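A look at the structure
Listed below, chain by chain, are the residues.
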Amino acid sequence: ASAQFQLAVPVAVVFAPESVPGDLPRPLPFRDVQEMEIPVNLRTTVTTRYETIYRSTTAQEEAALGAATAREADAALHPLQDTSLGSLTMYVVPETSSLLPQGISVYVGKHRSALVRAGGGLAALRARLQQLTQVMSFTVSSITAALSDRVPDGQLGPDARRHLKSSLGYEITFSLLNPDPKSHAVDWDIEDAVNRYVQPVLDKLSLVANFSVDSQILYYAVLGVTPRFDKESSSFLLSAHSLPHVINPVEARLGSSAASLYPVLNFLLYVPERSHSPLYIQDKDGAPVSTNAFHSPRWGGIMVYNVEAPASPQASLPLHVEVDMVRVMEVFLAQLRLLFGLSREELPPEFLLESPGNEGLADWELDRLLWAHTVENIATVSTTLTSLAQLLDKIGNIVIKDDVASEVYRAVASAQSAVAELAVGHLHSAFQASKEAVTSSERAFFDPSLLHLLYFPDDQKFAIYIPLFLPMAVPILLSLAKIVRETRQRKKEPTKVD
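Residues numbered from 1 in each chain as written. Predicted model: local features only at pLDDT ≥ 70, side-chain atom pairs only at ≥ 80, totals over all residues. Heavy atoms only, no water.

1. Some remarks on the UniProt feature "transmembrane region" (unreviewed entry) in the protein chain
This is how the line gets drawn: UniProt positions are given in the numbering used here, feature names are shortened, and annotations may be inferred rather than shown by experiment. Strands are runs of DSSP state E lasting at least two residues, helices are runs of H or I lasting at least four, and both sets are numbered from the N terminus onward.
In this structure's numbering, the residues bearing the UniProt feature "transmembrane region" (unreviewed entry) are residues 462-484. Along residues 462-484 one finds 100% helix and 0% strand; the C-alpha atoms at either end are 29 Å apart.

Structure representation (structure tokens):
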């Protein structure tokens, strides 16, 4: 299926006094449009348009930029700027400004704006702004990762298939694995931890999808790999190459993904049994992993939580263990960001990114996710409807019910609307339309009236029913032949006339 995407990013470049470059082509304010092609494949093209307006600060913005620190300026500027999803505001401050720390030329706030130190001419500023808009909206790699099903394998980066596929919902399961309940009585306040650390992040992500969270404690659930004992450190080690083998045996016990409509993210806290304590994870180079955890792309993560050995050998078993949920949640939230592709990219040293706080992600990171998911949703709808059309071509006698037809029309209309909204830079409405398109296309494709035709083409029906009806048909056909013979016989016999 061919697809043409045009992604328009509205950018405002706002010059503070004494920061305007001397070589501007015309007086402020003025508009400028820059286009860039992203190569995907022969049938899919993505054009990005950065629609920039250059202007001077208003009196209010000027007052906000007079704050003592970049963080305070960011907070004061937030109510004054365009807060619609996908839009960006760059404030250019004088080269001598004390707002930005020494050696820092770009400060990215936690909303949809950044502070940029002036310096050099317009060309140098444009190059810096282009780099910044890509950081805060989308890069070539984030769009090709979203369209990874259409991109030839050789062109994909190593992380392209690490992120979760776009979905209307996700299920998150936190599991505590206690393989040795005789030695360890483990308590974790998962409900409080979820409310305090996970819920603010999910509230922010609620625009992207619906989330459900559950937790469980599994006893006698062991890892599928026996750790190696290391004499030097008198501890047990799990090497990087054995980590993939850990997941399958554990997953068999989780049982959460079997009945789920949506992708399931598993976060496992493993308390090693007493005979394998303490247990440490090694990276590829044999160095210990600082978090003692690892993550599996599109699946989730596992953290090993070691219990300190009792001071006296006579201590009564089981030992009572209270899990430090702050330490655990830090690791799990970092893994959650990785799974959604929100990991911070390698940036030049002169970039300073503000921490998003307990919300877990900045507004512009949410936009990054929405750009990628909108493009992926439209591509998914296109593929689903193409597959449906091919199916209908193959089965000649198929009957399309009105409700299926209306879902197809709705999917096409919503996908066209999403493409149109992307082209004018309305990210929020484009994403909502792309979600509606996915819902309608899936309803049409998986409609029960079409489903049995997928699995029972006509030739299969004949193959199934002929062996059943043939034995019954033989005596019936022989009887019919006998009746026909007898009637013919009767007609030939002359009737007696008295």
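Structure shown, so let's carry the discussion forward.
2. What to know about a negative patch on the surface
Going by this rule: In this scheme, patches are assembled from residues that exceed 30% relative accessible area and form no salt bridge. Like charges are connected within 9 Å, while nonpolar side chains (Val, Leu, Ile, Met, Phe, Trp, Tyr) are connected within 5 Å. Every accessible area reported is derived by Shrake-Rupley at a probe size of 1.4 Å, with residue values counting cover from the shown protein chains alone. Should a side-chain nitrogen of Lys or Arg be within 4 Å of a carboxyl oxygen of Asp or Glu, the pair is scored as a salt bridge. Under the convention used here, Asp and Glu are negative, Lys and Arg are positive, and both His and the chain ends fall outside the count. In plain terms, the charge of a residue is placed at NZ if it is Lys, CZ if Arg, CG if Asp and CD if Glu.
On the surface, D187, D189, E191 and E322 cluster together into a negatively charged patch. Note that D189 resides in the loop between β8 (184-187) and α5 (190-205).

3. Some details on the pairing of strand β3 (residues 44-56)
Remark: a regular strand shows side chains that alternate across the two faces of the sheet. Our working rule: Here, any two strands with at least 2 DSSP bridges between them count as paired.
Where strand β1 (residues 3-15) and β3 come together, 13 bridges link them in parallel fashion. Opposite P10, over in β3, you have E51 as the bridge partner. The pairing of strand β2 (residues 30-41) with β3 spans eleven bridges and is antiparallel. Bridge pairing in β3 links D32 to T52. Taken together, β2 and the strand that follows it, β3, pair antiparallel across an intervening segment of two residues.

4. Section: the domain arrangement of the protein chain
What counts is decided by this rule: Domain start and end points were adopted from an automatic or database domain assignment. The contact criterion used throughout is that any non-hydrogen atoms of two residues lie within 4.5 Å. When two components associate, each loses some accessible surface as probed by a 1.4 Å sphere; the sum of these losses over both components is called the buried area. By the criterion applied in these results, polar contacts are pairs of N or O atoms within 3.5 Å in which, for protein atoms, one can donate a hydrogen and the other can accept it, and in which residues neighboring in sequence qualify only through two side-chain atoms.
Taken domain by domain, the protein chain comprises domain 1 (4-147 + 346-354), domain 2 (169-340), domain 3 (365-451) and domain 4 (458-497). For domain 2 versus domain 3, the distance between C-alpha centres works out to 37 Å. The partner domain 3 presents nine residues to the seven residues of domain 2 that form the contact. Buried area between domain 2 and domain 3, summed over both chains or domains, comes out near 720 Å², and the portion from carbon and sulfur atoms is 66%. Between R337 and E365 there is a salt bridge; the shortest N-O distance is 2.7 Å. Linking domain 2 with domain 3 are one residue pair in polar contact (both at pLDDT 80 or more), by the criterion used here.

5. Overview of the packing of α5 against helix α7 (residues 325-339)
Quick note on the threshold: Whenever a helix is involved, its axis is fitted only over the stretch in contact; in every case the axis is a line through C-alpha atoms, and angles between N-to-C directions fall within 0 to 180 degrees. By convention, the crossing between two helices is left-handed when the near helix turns anticlockwise from the far helix through less than a right angle, and right-handed when the turn is clockwise. Basically, the charged four are Asp, Glu, Lys and Arg, the nonpolar ten are Ala, Val, Leu, Ile, Met, Phe, Trp, Tyr, Cys and Pro, and anything else, Gly included, counts as polar.
As a packed pair, α5 and α7 sit with axes 11 Å apart at the nearest point and diverge in direction by 35°. As α5 packs across α7, the resulting crossing turns out to be right-handed. Contacts between α5 and α7 pair I190, A193, Y197, V198 and V201 from the former with M325, V326, M329, L333 and L336 from the latter. Each residue belonging to the contact of α5 with α7 can be placed in one class, and the counts come to ten nonpolar, no polar and no charged.

6. As for the nonpolar core
Cut-off, in case you're wondering: As used here, the term nonpolar core means buried Ala, Val, Leu, Ile, Met, Phe, Trp, Tyr and Cys residues forming a set that is joined through side-chain atoms within 4.5 Å. Whether a residue is buried, partly exposed or exposed follows from its accessible area with a 1.4 Å probe, protein chains only, as a fraction of its type maximum: under 20%, in between, or over 50%, in that order.
Ranked by size, the top nonpolar core spans 86 residues in total, and within it F174 and F340 carry the most contacts. Looking at which element gives the most residues to this core, the answer is helix α8 (residues 363-394), with eight residues. Look past the residues within four positions of F340 in its chain and what remains in contact with it is L164, Y170, L205, F211, L265 and L369. One finds V246, I247, L268 and V304 within the second-largest nonpolar core, a separate group that totals 20 residues.

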